[in-house]
Amino acid sequence: MNLPVLKAKDFESDQDVRWCPGCGDYSILAQMKKVLPEIGATQEGTVFISGIGCSSRFPYYMNTYGMHSIHGRAPAFATGLKSTRPDLSVWVITGDGDALSIGGNHFMHMLRRNIDLNVVLFNNSIYGLTKGQYSPTSKVGSVTKSTPRGSIDYPLNPISIAIAAEATFVARSIDTNIKHLVATLKRAAEHKGTSFVEVYQNCNVFNDGTWDYAKNKDTKADCTVELEHGKPLIFSGGTKGIRLNGFQPEVVKLDGNVAQDDLLFHDEKAASPQLAFLLSRMRHPEFPEPIGVFRDVQRDTYDDMINAQVADAKAEKKDGDLASLFAGGETWTVE
Amino acid sequence: MISVSDQFPPTNKPSESVTGVTVRLAGDSGDGMQLLGTQLTNTSALSGNDVATFPDFPAEIRAPIGTRAGVSGFQVRFSSEDIFTPGDGLDALICMNPAALVTNLQDLKKTGILIVNTDNFDKKGFKLAKLDTNPLEDGTVEGYRTIEVPMSTLTRGAVEKTGLSSKLADRCKNFFAMGLVFWLYGRDVEPTLRFIEAKFSKKPEIAEANRLALKSGWAYGETTEAFASTYQVAAAKLPPGKYRNVMGNQALAWGLIAAAKLSDKELFLGSYPITPASDILHELSKHKNFGVRTFQAEDEIAAVCSTIGAAFGGSMAITTSSGPGIALKGEGMGLGMILELPMLIIDVQRGGPSTGLPTKTEQSDLLMAMHGRNGESPLPIIAARSPADCFQTAIEAWQVATRYMTPVMILSDGYIANGAEPWKIPDVSDLPEIKIEHPGPNENGEPFHPYTRNENLARPWAIPGTKGLMHRVGGLEKKDGSGEVSYDPDNHQHMVETRAKKVQMAADFIGPAEVFGKDSGTLVISWGGTYGACHTAVEQCISQGVDVGHVHLRWINPFPKNLGEVIAKYDRVLVPELNNGQLRLLLKNEFVIDAIGLNKIKGKPFHVSELMEKIHEVSAAATV
């Protein structure tokens, strides 16, 4: 067995971390540093690309290559890099405003292209760096700096958007659920194609407690359901389950009247995205919110295909030769 | 087998030798005028003429048939002399319908030949062209040598034996017109026959119909009494060498491929389709065997951002667009500049503002190229001067980008992009080698400092995957040397000045401004696609005794080092531009001179005559 040579510490840059004390970002940073050695990543072969926002400071804190780019566009930078350098492991770090508001277009197109990137979206449902305006995942009625009477925008559901954009790997985790977050980041790294992970992240300054139902000891068992491939959806300490009633999920008590076989079984490998989408629509407080991997399927990646086309062209036509390019077609000679 | 000369016999009519001819083919955008023009250009170039072209087409793919909005034109000038423009006045105008006639007649010389397809000169045709009367009868064409040809009818007759439907048969009429024009100017039909063979290899009946139409047009010229003679244009005395025809966008794409090869780089293009730049994307996407990767992005912003990503990874990265797209790329270009990564940003300018005149030419993006980014973010700017020159422009731009580690803007325009001219094929061994060095692995464990600088103020291009050189870059201001995020006031001033100085230092590389003509009197300063017209106008004014010199700027940022000295020799400076005075503004600012403008903003290139008139006017005014 090959033991990892690098340690979490080796992925720490010499920069002081400047997030607010108590921010959920610290945990995600710590888990990332833990995950990288475990998956055999190298410092020089790893690149973090971010947009703009609190989460997007992430690359500065990693002793890898990194780019703190412009607002919403990290997927586009990553696409250019990965298409030309498939040898690199490229991570995109983004937030709810960065990915779903200003960068909504790139987010969608990155996913449909299935370029081999790992995308971590820190969802805190608020604009933190600009000091507290509502974001595209804020609930209707959110009272923020820019919405003193409550926001009137209906929020987006990041998982639903990702599935609708043909994402091949879609998962959700929680900043303080360390074990789960580590496992989920590892799965994302292992997946070939775009891996999308939404992380519930607490902004203790501008939107404190927004994910408490999914994080607190007393409520999390009842408010979340862990997805496991091939297993029934059971939560609340084994006392409740999810069953399909037609096309609708429903919560049922496991009190002996419901057989386990009647419950909804998770299938992250399903070719059709319908189940994953249905699960993404289960929201608090009507339903426990699923955490874990919603979808994990295989499809050719953009970076493989763009490079295959180049390799094929080189094999068919031989390596490009300038003199024959120029002389191709009709020419004439002046004596 | 019947030989080509049997089918297309040389004329028995008298033939007049002329130095050059300017022909415009005008018809509906579905009439195949661009194809006709391209064929006429190619065969003329192959016969050794110097050629220059000016395609002019509407923005709509299929504007309503027969309307003025749907008129598509292609102007070709072929000459036995070295020429720099597609010509001012027309020697011949071929019109496929009334709308084409009324929108183009003003450019026909009084001595010119007008050939019309009379089949479209009916009530319906007049109505579509918004005409109350028949322009062939109401005095509109009076004074011109008008030759009326029922081209559609004759074409149908010619291709009848192929059994094509009349709709398909009608589509051959551009080949009939081609046959007639080729006969009139004694052009070689063989290249066109080869073209037909290749183009319609899977549709032999269409190929045959087009051949018959071409032949019929040729025979018509010989038979009709309307033409008393034909014209001959001898080969031009171009410098010896092997030539081919190139269009601007094609030459630019090839220049990029060459630059990649010369610098031992693989090429990445991030682009979003836009007129008139898309042909660069199309051309590059054909050459994947050169290691070319093209990415059609979801929008202009993704296009420039993917380009920066590829540049970070060590590729020769390029983005191409036109004005509206460049406006969207502004923030990305600013990031590319502060990251100090080499890349090329290509703006094939078109008429603006906003969507403007997508298929027409203009030079109105210069100030955007100079200043169109937030903060202090100067970039070197180079402008191509002709279709063939686009090749060299691309190579030079990449030399500067890699030497000084900066994005470089290349300005082209619709006129250059779609225009064609003969290109003397360079000997590949004469092209410059472009040396690029990436720092190697660092094993000493010390943090890498990505913003240390060499004698050109360029920082090292350290690429991901290199051991020990891990570093983070970004849009926040950074400390010179270490590259750490820095809000230090003195450092910011230092960095802004350093980045500006770096661009100015490129003047060491680009060389001095070269003066053509006289070194006193009036100085014409031009840039970009107006080169041909300005050069020709200055040359002709000098032959008329005017004291005038010409500087054509290739690099607009930085200016050549000697430009101030050159300007000082003259009494006045005239700056002709296809905009409202953008270079003039920059010159006034840099040299505090009261330059005179000649500003044409009509979506059309300069005529040599209007430039000459202005040169005479400003030169004469001064002597009074």
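Residues numbered from 1 in each chain as written. Chains lettered and ligands numbered in written order. Predicted model: local features only at pLDDT ≥ 70, side-chain atom pairs only at ≥ 80, totals over all residues. Heavy atoms only, no water.

S.K.: Even after reading the chapter, I still don't get the overall build of chain A, so can you show me in this structure?
M.R.: A count of helical and extended segments in chain A gives eleven helices and 14 strands. Based on the C-alpha atoms only, the size of chain A along its principal axes is roughly 95 × 50 × 45 Å. The contacts in chain A between residues at least 6 apart in sequence include a share of 66% that link residues at least 24 apart. Accessible surface for chain A amounts to roughly 14500 Å². Of this, 52% is attributable to carbon and sulfur atoms. (Helix = DSSP H or I, 4+ residues; strand = E, 2+ residues; numbered from the N terminus. Contact = heavy atoms within 4.5 Å. Areas by Shrake-Rupley, 256 points an atom, 1.4 Å probe, with all protein chains shown as cover.)

S.K.: I would appreciate a short explanation of the overall build of chain B in the present structure.
M.R.: Helix and strand content of chain B: 22 helices and 23 strands. The C-alpha radius of gyration of chain B comes to 27 Å, within 12% of the 25 Å expected for a compact globule of 624 residues. Each of the three principal axes of chain B carries a C-alpha extent, and together these read 85 × 65 × 50 Å. For chain B, with 624 residues in total, the buried portion stands at 62%. Considering only contacts within chain B whose residues lie at least 6 apart along the sequence, 77% involve residues at least 24 apart. When the accessible surface of chain B is totalled, it reaches about 24000 Å², and 51% of it is carbon and sulfur. Measuring between centres, the 60 positive side-chain charges of chain B sit 4 Å from its 71 negative side-chain charges. (Rg over C-alpha atoms; globule rule 2.2 N^0.38 Å. Buried < 20%, exposed > 50% of the residue type's maximum accessible area, 1.4 Å probe, protein only. Lys, Arg positive; Asp, Glu negative; His and termini not counted. Charge placed at Lys NZ, Arg CZ, Asp CG, Glu CD.)

S.K.: Can you walk me through helix α6 (residues 178-190) of chain A in this structure?
M.R.: In an α-helix, one turn spans 3.6 residues, which is why side chains three or four residues apart end up on the same side. In this model α6 of chain A runs 18 Å from its N-terminal to its C-terminal C-alpha over 13 residues, within 8% of the 18 Å that 1.5 Å per residue would give. Turning to α6 of chain A, its buried residues are His180, Leu181, Val182, Thr184, Leu185 and Ala188 of chain A. (Expected span 1.5 Å × (residues − 1).)

S.K.: What should I look at first to understand the packing of helix α10 (residues 248-262) of chain B against helix α11 (residues 278-285) of chain B in this one?
M.R.: A pair of packed helices is captured by two measures, namely the crossing angle of their axes and the spacing between those axes. Residue and element names in this part refer to chain B. Direction vectors running N to C along α10 and α11 enclose 50 degrees, while the axes themselves pass 8 Å from each other. Between α10 and α11, the angle falls in the class oblique. Considering the relative orientation of α10 and α11, their crossing is right-handed. Contacts between α10 and α11 pair Asn249, Gln250, Leu252, Ala253, Trp254, Leu256 and Ile257 from the former with Asp279, Ile280, Glu283 and Leu284 from the latter. Residue classes in the contact of α10 with α11 are distributed as seven nonpolar, two polar and two charged. (Axes fitted to C-alpha atoms, helices over the stretch in contact; angles between N-to-C directions. Parallel < 35°, antiparallel > 145°, perpendicular 65-115°, else oblique. Left-handed = near helix turned anticlockwise from the far one by under 90°. Nonpolar A, V, L, I, M, F, W, Y, C, P; charged D, E, K, R; others polar.)

S.K.: Looking at this model, I keep getting lost on the interface of chain A and chain B. Mind explaining?
M.R.: In many reports, interface size means the accessible area that the parts give up when they come together. Taken together, the 59 residues of chain A in the interface contact 71 residues of chain B. Across the chain A to chain B interface the summed buried area is about 5500 Å²; carbon plus sulfur atoms make up 63%. Of all residues in chain A, Tyr65, Phe326 and Trp332 of chain A give up the largest surface area on contact with chain B, accounting jointly for 17% of the area buried on that side. Here chain A is connected to chain B by four salt bridges. Lys314 of chain A is paired through a salt bridge with Glu266 of chain B; the nearest N and O atoms lie 2.9 Å apart. (Buried area = accessible area lost by both parts, 1.4 Å probe. Salt bridge = Lys/Arg side-chain N within 4 Å of Asp/Glu carboxyl O.)

S.K.: Would you mind going over the nonpolar core with me for this structure?
M.R.: Ranked by internal contacts, the top residues of the largest apolar core, which has 158 residues, are Phe326 of chain A together with Leu256, Leu267, Leu344 and Leu583 of chain B. No other element matches α10 of chain B, which puts ten residues into this core. Residues lining this core come from more than one domain, with at least three contributed by each of domain 2 (242-510) and domain 3 (511-623) of chain B. When residues no more than four places from it in sequence are discounted, the contact partners of Phe326 of chain A are Arg244, Trp254, Ala258, Phe391, Trp423, Ile425, Pro426, Val428 and Leu431 of chain B. With 55 residues, the next largest nonpolar core counts Val51, Val159, Leu193 and Ile206 of chain B among its residues. (Core = buried A, V, L, I, M, F, W, Y, C linked by side-chain atoms within 4.5 Å. Domains from an automatic or database assignment.)

S.K.: Help me understand the layout of surface pockets in this model?
M.R.: It is a probe the size of a water molecule, rolled over the atoms, that shows where empty space is left. All names here are of chain B. A volume near 1100 Å³ is recorded for the second largest pocket. Forming the boundary of the second largest pocket are 44 residues, of which Phe84, Arg385, Ser386, Asp389 and Tyr531 lie nearest the centre. For the lining of the second largest pocket, the secondary-structure elements that each account for two or more residues are β3 (50-56), α15 (389-404), α16 (414-418), β16 (420-424), β18 (515-517), α19 (531-543) and β20 (548-553). Top contributing element to the lining of the second largest pocket by residue count: β16, with five residues. (1 Å grid on protein atoms, 1.4 Å probe; cavity = no way out; pocket = protein on both sides within 12 Å on 5 of 7 lines; lining within 4 Å. Points joined across faces, edges and corners; volume = space filled by probe spheres on them.)

S.K.: I keep staring at α15 of chain B and nothing clicks. Help me out?
M.R.: Residues and elements named next belong to chain B. For α15, with 16 residues, the first-to-last C-alpha span of 23 Å sits near the 22 Å given by 1.5 Å per residue. Where burial is concerned, most of α15 is hidden: 14 out of the 16 residues are buried. Directly beyond the C-terminal end of α15, a positive phi value near 50 degrees is found at Met405.

S.K.: Looking at this structure, I do not really get the sheet that holds β16 of chain B. What am I missing?
M.R.: What holds strands together in a sheet is hydrogen bonding between their backbones, with the strands either parallel or antiparallel. The strand order across the open sheet built from three strands is β14(A)-β9(B)-β16(B), with neighbouring strands paired in antiparallel fashion. Looking at strand neighbours, the two that pair on one side only are β14 (331-334) of chain A together with β16 of chain B, the edges of this open sheet. Taken pair by pair, the neighbouring strands of this sheet meet at an average axis angle of 35 degrees, ignoring direction. Relative to strand β9 (residues 241-247) of chain B, β14 of chain A is paired through four bridges, and the arrangement is antiparallel. (Pairing = 2+ DSSP bridges.)

S.K.: Help me out: how do you make sense of the pairing of β20 of chain B in this one?
M.R.: Sheet faces and side chains relate simply in a regular strand, where the side chains alternate between the two faces. All names here are of chain B. Burial of β20 is extensive: six of the six residues sit out of reach of the surface. Going residue by residue along β20, you find Val548, His550 and His552 tucked away on one face and Gly549, Val551 and Leu553 tucked away on the opposite face as well. Pairing of β18 with β20 involves three bridges; the strand directions are antiparallel. Considered in β20, the bridge of Val515 is made with Val551. Of the strand pairs in this sheet, strand β19 (residues 522-527) and β20 are connected by six bridges, and their pairing is parallel.

S.K.: Help me understand the sheet that holds strand β14 (residues 381-383) of chain B in this model?
M.R.: Residue and element names in this part refer to chain B. Spatially, β11-β10-β12-β13-β15-β14-β21 is the arrangement adopted by the seven strands of the open sheet, whose pairing is mixed. The outermost strands of the open sheet, each flanked by one partner alone, are β11 (292-296) and β21 (555-557). If you compare each strand with its neighbour and ignore which way they point, the axes differ by 20 degrees on average. As paired strands, strand β10 (residues 267-271) and strand β12 (residues 316-321) are joined by five bridges and run parallel to one another. Opposite Ser271, over in β12, you have Thr320 as the bridge partner. In the packing of α11 onto the sheet, contacts are made with β10, β11, β12 and β13 (343-349), and the angle to β11 comes to roughly 135 degrees.

S.K.: Just checking my understanding: could you explain the side chain of Ser72 of chain B for this structure?
M.R.: Here Ser72 of chain B shows up in strand β4 (residues 71-79). Contact partners of Ser72 of chain B, with chain neighbours within four places excluded, come to Leu25, Ala26, Gly27, Asp28, Ser29, Met33, Gln34, Asp56, Phe57 and Pro58 of chain B.

S.K.: Help me out: how do you make sense of the pairing of β16 of chain B in this one?
M.R.: Residues and elements named next belong to chain B. Of all the five residues making up β16, four are buried; the element is thus mostly covered by neighbouring parts of the structure. Note: β9 against β16, five bridges, orientation antiparallel. Its bridge partner lying in β16, Met247 is registered against Ala420.

S.K.: Honestly, the confidence of the model for chain B in this entry has me stumped. Any pointers?
M.R.: Caution applies to low-pLDDT regions: their predicted coordinates should not be interpreted in detail. When the pLDDT values of chain B are averaged, the result is 96; 99% of them are 70 or greater. As a predicted assembly, this complex carries a pTM of 0.94 together with an ipTM value of 0.97. (pLDDT = per-residue confidence, 0-100.)

S.K.: Whenever I open this one, the domain arrangement of chain B confuses me. Can you help?
M.R.: All names here are of chain B. Each domain of chain B was delimited in the assignment, giving domain 1 (4-232), domain 2 (242-510) and domain 3 (511-623). For domain 1 versus domain 2, the distance between C-alpha centres works out to 41 Å. Each partner contributes to the interface: domain 1 provides 16 residues, whereas domain 2 provides ten residues. The junction of domain 1 with domain 2 conceals about 980 Å² of combined surface from both sides, 56% of it contributed by carbon and sulfur atoms. Looking at the side of domain 1 facing domain 2, the largest losses of area belong to Thr53, Phe57 and Ala59, adding up to 37% of the total buried there. Joining domain 1 to domain 2, the criterion identifies one salt bridge. A salt bridge links Lys360 to Asp56; the shortest N-O distance between them is 2.7 Å. Counting across the domain 1 and domain 2 interface gives four residue pairs in polar contact (both at pLDDT 80 or more). If you list the elements that add at least two residues to the side of domain 1 that touches domain 2, you get α2 (33-46) and β3. If one sorts the elements of the side of domain 1 that touches domain 2 by residue count, β3 sits on top with seven residues. (Polar contact = N/O pair within 3.5 Å; in protein donor to acceptor, adjacent residues only side chain to side chain.)

S.K.: What exactly am I supposed to notice about the environment of Thr331 of chain A here?
M.R.: Tracing the backbone through its elements, the reader meets Thr331 of chain A in strand β14. Owing to a relative accessible area of 25%, Thr331 of chain A belongs among the partly exposed residues under this scheme.

S.K.: Help me understand the environment of Glu477 of chain B in this model?
M.R.: Residues and elements named next belong to chain B. Inspection of the secondary structure assignment puts Glu477 in the loop between β17 (472-474) and α17 (489-505). For Glu477, a relative accessible area of 13% gives the class buried. Remark: the alpha-carbon pair of Glu477 and His492, spanning 15 residues in sequence, is separated by 6.8 Å. The contact partners of Glu477, leaving out residues within four places of it in the chain, are Ile338, Glu484, Val485, Ser486, Asn491, His492, Met495, Val496 and Arg499. Separated by 2.6 Å, the side chains of Glu477 and His492 make a polar contact.

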